Amino acid sequence: SNLRGTITSAHGDEPNSTHAEFFINLADNKGLDHLPDDMENKTGFAAFGKVTEGMDVVDAIAKVELGGGIGPFGDAAPMMPVIIQKVTISN
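Nothing here was measured: the structure is a model prediction, and the numbers come from that model.

(A) View of the sheet that holds strand S1 (residues 6–9). Strand order in the open sheet made by the 3 strands is S2-S1-S3, with antiparallel pairing throughout. Two strands close off the open sheet at either side, each with one partner strand: strand S2 (22–24) and strand S3 (47–50). Each adjacent strand pair in this sheet contributes to an overall mean axis angle of 25 degrees, direction not counted. Direction of pairing for S1 relative to S3: antiparallel, over a ladder of 3 bridges. By the bridge assignment, Ile-7 is partnered in S3 with Gly-49.

(B) Broad picture of the environment of Asn-2. Of note, Asn-2 is situated in the segment before S1. Residue Asn-2 is classed as buried on the basis of its relative accessible area of 0%. The residues touching Asn-2, leaving out its near neighbours within four places in the chain, are Thr-8, Asn-25, Ala-27, Asp-28, Asn-29, Lys-30, Leu-32, Asp-33, Phe-45 and Ala-47. A polar contact of 3.1 Å, which involves the side chain of Asn-2, links it to the backbone oxygen of Phe-45.

(C) Highlighting the packing of aromatic side chains. Counted according to the given criterion, the structure contains 1 aromatic pair. Taking the centre distance of 5.9 Å and the plane angle of 70 degrees together, the rings of Phe-23 and Phe-45 count as edge-to-face. Here Phe-23, found in strand S2, pairs with Phe-45, found in the loop between S2 and S3; they are 22 residues apart in sequence, far enough to count as distant. Look at Phe-23 and you get partly exposed, because its relative accessible area is 25%.

(D) The arrangement of the side chain of Thr-6 in detail. Within the secondary structure layout, Thr-6 lies in strand S1. Take Thr-6: its relative accessible area is 8%, and that puts it in the buried class. Among the polar contacts listed, one links the side chain of Thr-6 to the backbone oxygen of Leu-3, at a separation of 2.7 Å.

Rules and cut-offs
- Residues numbered from 1 in each chain as written.
- Predicted model: local features only at pLDDT ≥ 70, side-chain atom pairs only at ≥ 80, totals over all residues.
- Heavy atoms only, no water.
- Pairing = 2+ DSSP bridges.
- Helix = DSSP H or I, 4+ residues; strand = E, 2+ residues; numbered from the N terminus.
- Axes fitted to C-alpha atoms, helices over the stretch in contact; angles between N-to-C directions.
- Buried < 20%, exposed > 50% of the residue type's maximum accessible area, 1.4 Å probe, protein only.
- Contact = heavy atoms within 4.5 Å.
- Polar contact = N/O pair within 3.5 Å; in protein donor to acceptor, adjacent residues only side chain to side chain.
- Phe/Tyr/Trp six-rings, centres within 6.5 Å; stacked < 30°, edge-to-face > 60°.

Here is the structure:
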């Protein structure tokens with residue numbers, strides 16, 4: 001489920017269009033979950049991980065100034081790029 005802190009695959013409008021993009025849910029977003037009656041797999045975003053430490057860093061990233069004009073969502077892009085320097089994968 002797309003709950004606060006889950007790491008979720010971003011995708012386009014077509015099924016199977018996920019590539020390398022992801023986002024971290026800043027709040028519970030159950031409206032982004034797959035609908036149980038969707039047999040064509042056209043709804044939902046797959047939550048595949050969870051931030052277990054450092055959610056304060058994620059919250060700080062969410063507060064950066066926007067309007068960088070980079071990419072297709074330029075108004076939503078950070079003024080200064082945010083770079084994730086380290087990620088640890090745990091079981």
